[in-house]
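Chain by chain, the residues run as shown.
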Amino acid sequence: DQQVKQNSPSLSVQEGRISILNCDYTNSMFDYFLWYKKYPAEGPTFLISISSIKDKNEDGRFTVFLNKSAKHLSLHIVPSQPGDSAVYFCAASTGNTPLVFGKGTRLSVIA
Amino acid sequence: EAEVAQSPRYKITEKSQAVAFWCDPISGHATLYWYRQILGQGPELLVQFQDESVVDDSQLPKDRFSAERLKGVDSTLKIQPAELGDSAMYLCASSRNREGGYTFGSGTRLTVV
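The notes below deal with the structure included here.

### Some thoughts on the overall build of chain A
- The helix and strand tally for chain A stands at zero helices and eleven strands.
- Against the 2.2 N^0.38 benchmark of 13 Å for 111 residues, chain A shows a C-alpha radius of gyration of 13 Å, consistent with a compact globule.
- Residues classed as buried in chain A amount to 45% of the 111 residues present.
- Within chain A, counting contacts between residues at least 6 apart in sequence, those at least 24 apart form 52% of the total.

This is how it looks when you write it as structure tokens:
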């Protein structure tokens, strides 16, 4: 039973355009959400997070939106750059429980 | 910037052999996690430590996997005997609190032949 779902295995975007990565969750107790970025042969690196008391968090080119009623969050990258090409994981937790990860979305930014 | 150290980076072992991975978390991070990532999947928790105590090992296959963090600092994950299905990336992470997210090491890529 997957509690965090990333239904798009891959996404291709042109350089300079917006990348939108989506994530759905089923556990209504989740109250903290994170996005991680992973390059091949490296561990995931923390990108941005959002608490359930907010609906938007922005950090430079990265913005995360949270829609609690739909149990949906998204990561927007504007403008997309070739160096953004990686696998992006959505993760969630409740209280101090360990993070639960989605399966990831492979983003390819084409120059 | 502080890092989580893991070794070895790569390990090839024959099935039924024993294998061990080591992790040194960021200094001061009381919480340490071992995750396993199978190709095409997201990381899945194996075990969580708070200092030297196991907090959650519900997903750890205890018939063949063991983990310890004896002095509450570095940690070892062991598999004995290894099976073909254990081939995966084994990731160690540490955290001070959840607001900063987890810091992951570079992982150990295990191939069982």
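### Some thoughts on the interface of chain B and chain A
- The partner chain A presents 22 residues to the 22 residues of chain B that form the contact.
- With both chains or domains summed, chain B and chain A bury close to 1,600 Å², and 54% of this area falls on carbon and sulfur atoms.
- There are four residue pairs in polar contact (both at pLDDT 80 or more) connecting chain B and chain A.
- Contributing elements (two or more residues each) for the side of chain B that touches chain A: strand 4 (31–37), strand 5 (44–50) and strand 9 (88–95) of chain B.
- Within the side of chain B that touches chain A, the residues separate by chemical class into nine nonpolar, nine polar and four charged.

### Details of the sheet that holds strand 3 (residues 19–24) of chain B
Residues and elements named next belong to chain B.
- Within the open sheet, the four strands sit side by side as 1-3-8-7. Their pairing is antiparallel. One side of each edge strand has no neighbouring strand; the edge strands of this open sheet are strand 1 (5–7) and strand 7 (65–68). Across this sheet, the average inter-strand angle for adjacent strands is 15°, counted without regard to direction.
- When strand 7 meets strand 8 (residues 75–79), the two strands line up antiparallel, connected through four bridges. If you follow S66 over to strand 8, its bridge partner there is K78.

### Topic: a nonpolar patch on the surface
- Residues I18, I20 and V78 of chain A make up a contiguous nonpolar surface patch of roughly 230 Å² in combined accessible area.
- Tracing the backbone shows I18 of chain A in the loop between strand 2 (10–14) and strand 3 (19–25).

### A word on the nonpolar core
- Grouped together as the largest cluster of nonpolar side chains are 23 residues, with contacts concentrated most on F33, W35, L73, L75 and Y88 of chain A.
- Within the residue set of this core, elements represented by two or more residues are strand 3, strand 4 (32–38), strand 5 (45–51), strand 7 (62–67), strand 8 (72–77), strand 9 (86–93) and strand 11 (105–110) of chain A.
- Per-element accounting of this core gives the leading share, four residues, to strand 9 of chain A.
- Residues within four places of Y88 of chain A in sequence aside, it is in contact with Q6, L21, W35, Y36, K37, L47, L75, I77, G104, T105 and L107 of chain A.
- Grouped together as the second largest cluster of nonpolar side chains are 20 residues, C23, W34, Y90 and C92 of chain B included.

### Remarks on the pattern of salt bridges
- Overall, the coordinates contain six salt bridges over all chains when judged by the stated rule.
- One salt bridge connects D84 of chain A with R61 of chain A, and the closest N-O pair in it is separated by 2.8 Å. You can see D84 of chain A sitting in the loop between strand 8 and strand 9 and its partner R61 of chain A sitting in the loop between strand 6 (56–59) and strand 7, a full 23 residues away along the chain.
- Of the residues examined, D84 of chain A reaches a relative accessible area of 2% and is grouped as buried.
- For K62 of chain B, the salt bridge goes to D57 of chain B, with nearest N and O atoms at 3.8 Å.
- For D57 of chain B, a relative accessible area of 26% corresponds to the partly exposed category.
- Each of R36, R64, E83 and D86 of chain B takes part in a single network of salt bridges with overlapping partners.

### Things to note about the packing of aromatic side chains
- Going through the model one piece at a time under the given rule, you end up with 15 aromatic pairs over all chains.
- Ring geometry for Y33 of chain B against Y102 of chain B: centres 4.1 Å apart, planes inclined by 15°, an arrangement best described as stacked. Highlighted residues: Y33 of chain B in strand 4 and Y102 of chain B in the loop between strand 9 and strand 10 (103–104), separated in sequence by 69 residues. As far as the burial class goes, Y33 of chain B and Y102 of chain B line up, both buried.
- Joined through ring pairs, the aromatic side chains of Y36, F46, F89 and F101 of chain A together with Y33, Y35, Y102 and F104 of chain B make up one cluster.

### Brief notes about the sheet that holds strand 7 of chain A
Residue and element names in this part refer to chain A.
- Strands sit in the order 1-3-8-7-6 across an open sheet of five strands; the sheet is antiparallel. One side of each edge strand has no neighbouring strand; the edge strands of this open sheet are strand 1 (4–5) and strand 6.
- Bridge analysis of strand 6 against strand 7 gives four bridges, and the strand direction is antiparallel. For K56, the partnering residue across the bridge sits in strand 7 and is F65.

Definitions and limits used
- Residues numbered from 1 in each chain as written.
- Chains lettered and ligands numbered in written order.
- Predicted model: local features only at pLDDT ≥ 70, side-chain atom pairs only at ≥ 80, totals over all residues.
- Heavy atoms only, no water.
- Helix = DSSP H or I, 4+ residues; strand = E, 2+ residues; numbered from the N terminus.
- Rg over C-alpha atoms; globule rule 2.2 N^0.38 Å.
- Buried < 20%, exposed > 50% of the residue type's maximum accessible area, 1.4 Å probe, protein only.
- Contact = heavy atoms within 4.5 Å.
- Buried area = accessible area lost by both parts, 1.4 Å probe.
- Polar contact = N/O pair within 3.5 Å; in protein donor to acceptor, adjacent residues only side chain to side chain.
- Nonpolar A, V, L, I, M, F, W, Y, C, P; charged D, E, K, R; others polar.
- Pairing = 2+ DSSP bridges.
- Axes fitted to C-alpha atoms, helices over the stretch in contact; angles between N-to-C directions.
- Patch = residues over 30% accessible without salt bridge, like charges linked within 9 Å, V, L, I, M, F, W, Y side chains within 5 Å.
- Areas by Shrake-Rupley, 256 points an atom, 1.4 Å probe, with all protein chains shown as cover.
- Salt bridge = Lys/Arg side-chain N within 4 Å of Asp/Glu carboxyl O.
- Core = buried A, V, L, I, M, F, W, Y, C linked by side-chain atoms within 4.5 Å.
- Phe/Tyr/Trp six-rings, centres within 6.5 Å; stacked < 30°, edge-to-face > 60°.

Without other data, these values stay purely geometric and don't point to any function.
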